[in-house]
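Here's the letter readout for the chains.
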Amino acid sequence: MNLDAVPNKAGRFGAYGGRYVPETLVPALDELEAAFRQAWSDQEWRRELTHHHRHTIGRPTPLTHADNLSNELGFDVWIKREDLCHTGSHKLNNALGQALLARRMGKKRIIAETGAGQHGVATATACAMFGMQCVVYMGEEDVQRQQLNVFRMRLLGAEVVPVHSGTKTLKDATNEAMRDWVTNVGSTHYIVGSCVGPHPYPWMVRCLQQLIGEEAKTQMLELAGGLPTAVVACVGGGSNAIGIFHAFLGDENVRLIGVEAGGEGIETGKHAAPLSAGSPGILHGSCSYLMQDDDGQVIGTHSISAGLDYPGVGPEHAMLKDAKRAEYLSATDQEALHAFAWLSRSEGIIPAFESAHAFAALKRGLFKTGDAVLVNLSGRGDKDMESASRILSLKGV
Amino acid sequence: MKARCLQEYQPRKADGTLFAMPFVSERLFALRQEGKKALACFVTAGDQPLEHLPTILGALEAGGADLIELGLPFSDPIADGPTIQASSQRALDRGVRLSQILEAVREAQVRVPIITMGYANAALRNGYGRFAESLKAAGISGALISDMIPEEAGEWRSAAEAAGLDTVFLTAPTSTDARIAAACAASTGFVYCVSRTGVTGAENAVPLEVGELVRRVKRHTELSALVGFGISTAAQVHAVWECADGAVVGSYLVDLLHREWKGVQSAGMVSQAVAALRS
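Residues numbered from 1 in each chain as written. Chains lettered and ligands numbered in written order. Predicted model: local features only at pLDDT ≥ 70, side-chain atom pairs only at ≥ 80, totals over all residues. Heavy atoms only, no water.

**Student:** Help me understand the interface of chain A and chain B in this model?
**Tutor:** The extent of an interface is frequently quoted as the accessible surface area lost upon association of the parts. In this complex, chain A contributes 38 residues to the contact, which on the side of chain B involves 37 residues. For the pair chain A and chain B, the two sides together bury roughly 2,900 Å², of which 49% comes from carbon and sulfur. Of all residues in chain A, Glu23(A), Arg179(A) and Asp295(A) give up the largest surface area on contact with chain B, accounting jointly for 24% of the area buried on that side. Across the chain A-chain B interface, the total number found is 5 salt bridges. Residues Glu152(B) and Arg12(A) are paired through a salt bridge, measuring 2.5 Å at the closest nitrogen-oxygen approach. Across the contact surface, chain A and chain B share 23 residue pairs in polar contact (both at pLDDT 80 or more). (Contact = heavy atoms within 4.5 Å. Buried area = accessible area lost by both parts, 1.4 Å probe. Salt bridge = Lys/Arg side-chain N within 4 Å of Asp/Glu carboxyl O. Polar contact = N/O pair within 3.5 Å; in protein donor to acceptor, adjacent residues only side chain to side chain.)

Here it is, written out as structure tokens:
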């Protein structure tokens, strides 16, 4: 696989990606692509971004050896601590980068979609820093289950617009953000929160997140004395996963494992695992694996984690799946909840429900003694306390 | 100019299975030769019971529609405003499927061309070739895919051409001249001019700039230029007719059908509403 060739000029990752959008948006996508290419190769802009990585986000984030998990499991578990980023997840890496770009492009108004609210909070934070107007679209169901983050966004000065259409989750929030953008395209930059959407988003978001893996690789070499045997991350749209995978793509002995939301189980149909159980389709501007019926209608998803509750996935993951460079599996709500409690008690780290899916994979018998497994802890669990206390107290935990 | 020459044009007989469906560009050329402007009417397939669809299409034609745009419901219509979104959702809630829609279109006894308006995933999921052939077999003359831009459309255009289906691409006020040229080159039925940045839906006024977009389009094509998005009154239709070959009315009719359609006895009401848009 020639990684320098993806995406190609048309924004294709192999058969996936591209641009399936209303004509109105294409000139804006062209402008965005040109602006990002220019900024990304501008040393001054990169220095400014790096400054914000250090002094705003708090990078590099630590790499923690999980002593107790490692003892219990019989192999080494290393945790990349994106939960310690400012705002509580890896999302600020992307949101801050895109906000800097929007400022450079002279855009005064920012819109975003959000599922769990982490991308919304990150975007609202960047907008507060740069004095930009911020509108965040969020599905009505997610507004209910992530109220803490709704309050955080409003406190940061963002307008949170509940979306009542369709499934009332991330998919429909994204639809509504795209409709806003198509209407206000002249004044507005749309900060897409994951490595999804029309070109250049999947590529640009990956560029802004790939430092997760770059840092982790350096830290593994320094602290563990070698590369990990495997890298594990949860996959919704897939930005934290592609962010940590990317630096290891050329290291063919390093297994890359993405964990999708298995919901109530793949066999029940109530899940959010397009790579595990979907087929190629077009949603939100690009071609990738998609949960759809045989008429091409996108079907409803289910996951305990709002951030993974999405029927599509980034096109680069679709390419990595087909090329068999990465493996994708799924963890159920139940497994994620167990991992959530397990990591909390074993290591004193409370993960987001999303990230808990990655830890669930550690118990699958995939690894053996002597392995070094790097897990991306993409976000902290504070936002999930209310849901967790409700669910876990019902289960007597 | 790539309009099909007349000897290629073989109207099918109305012998029970299929009715004659002229090619889109020819129908629109004929109107222009007569010095007339076109009215295109959009309805969402399946918003009303599908057994009523043939009557609805007939009522649009009887009222004076020159072209019918048939919306194919999609779960995630990002180019549509609240009215058409809701109609699409109602159709899906009804369990409407593409095969059933095409079955209903076959039953329709209309002479004006029908083009579908939908989203790329339905075509991709069916396979572009099968999708184009199934539309053509139902007597549909052309297809517009809202989220398909010329750069991505190579395979789709080949499939449509092989099936004898006209393609329609969109131009927008934001389109560069190069993009307008590409949309014109990829279109065979007509070129759709989006009146403003935004999604479908009724507006109080059609922006004056649309005349400029139509002029830019006309520099690149002999095909007809139709203006849509935000056109809901006779005054707006006539304002568009001043600068373009035709106007597309969508959300207004979708809303009317949703509110007032009581069954096939409502056909006259629909025809009158269409006639009123022309008056």
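**Student:** It is not clear to me how the sheet that holds strand S3 (residues 63–65) of chain A should be interpreted in this structure. Could you clarify?
**Tutor:** To summarise the sheet geometry, strands pair through backbone hydrogen bonds and adopt either a parallel or an antiparallel arrangement. Residues and elements named next belong to chain A. Strand order across the open sheet formed by 6 strands is S3-S4-S14-S9-S10-S13, with mixed pairing between neighbours. Looking at which strands have only one partner, the edges of the open sheet turn out to be S3 and strand S13 (326–332). Direction aside, the axes of adjacent strands within the sheet are offset by 25° on average. Direction of pairing for strand S10 (residues 255–263) relative to S13: parallel, over a ladder of 7 bridges. By the bridge assignment for S13, leucine 256 is matched with alanine 326. Strands in contact with helix H14 (residues 333–347) are strand S4 (76–81), S10, S13 and strand S14 (372–377); relative to S13, the strand with the most contacts, it is inclined by about 90°. (Pairing = 2+ DSSP bridges. Helix = DSSP H or I, 4+ residues; strand = E, 2+ residues; numbered from the N terminus. Axes fitted to C-alpha atoms, helices over the stretch in contact; angles between N-to-C directions.)

**Student:** Help me understand empty space enclosed by the protein in this model?
**Tutor:** Taking a probe equal in size to a water molecule and rolling it over the atoms shows the remaining empty space. Following the criterion strictly, the structure yields 9 cavities of 30 Å³ or more and no others. Every residue lining the largest cavity is counted, 30 residues in all, and those nearest its centre are His90(A), Lys91(A), Gly307(A), Leu308(A) and Glu354(A). Elements represented by at least two residues in the lining of the largest cavity include exactly strand S5 (109–114), helix H5 (118–130), helix H8 (170–183), helix H11 (239–245) and helix H15 (353–360) of chain A. Its residues placed into classes, the lining of the largest cavity shows 7 nonpolar, 19 polar and 4 charged. Estimates place the volume of the second largest cavity at around 240 Å³. Lining the second largest cavity are 27 residues, and of these Phe42(B), Asp80(B), Ile84(B), Met117(B) and Thr200(B) sit closest to its centre. Those elements giving two or more residues to the lining of the second largest cavity turn out to be strand S1 (38–44), strand S2 (67–71), helix H3 (82–93), strand S3 (114–118) and helix H11 (251–260) of chain B. (1 Å grid on protein atoms, 1.4 Å probe; cavity = no way out; pocket = protein on both sides within 12 Å on 5 of 7 lines; lining within 4 Å. Points joined across faces, edges and corners; volume = space filled by probe spheres on them. Nonpolar A, V, L, I, M, F, W, Y, C, P; charged D, E, K, R; others polar.)

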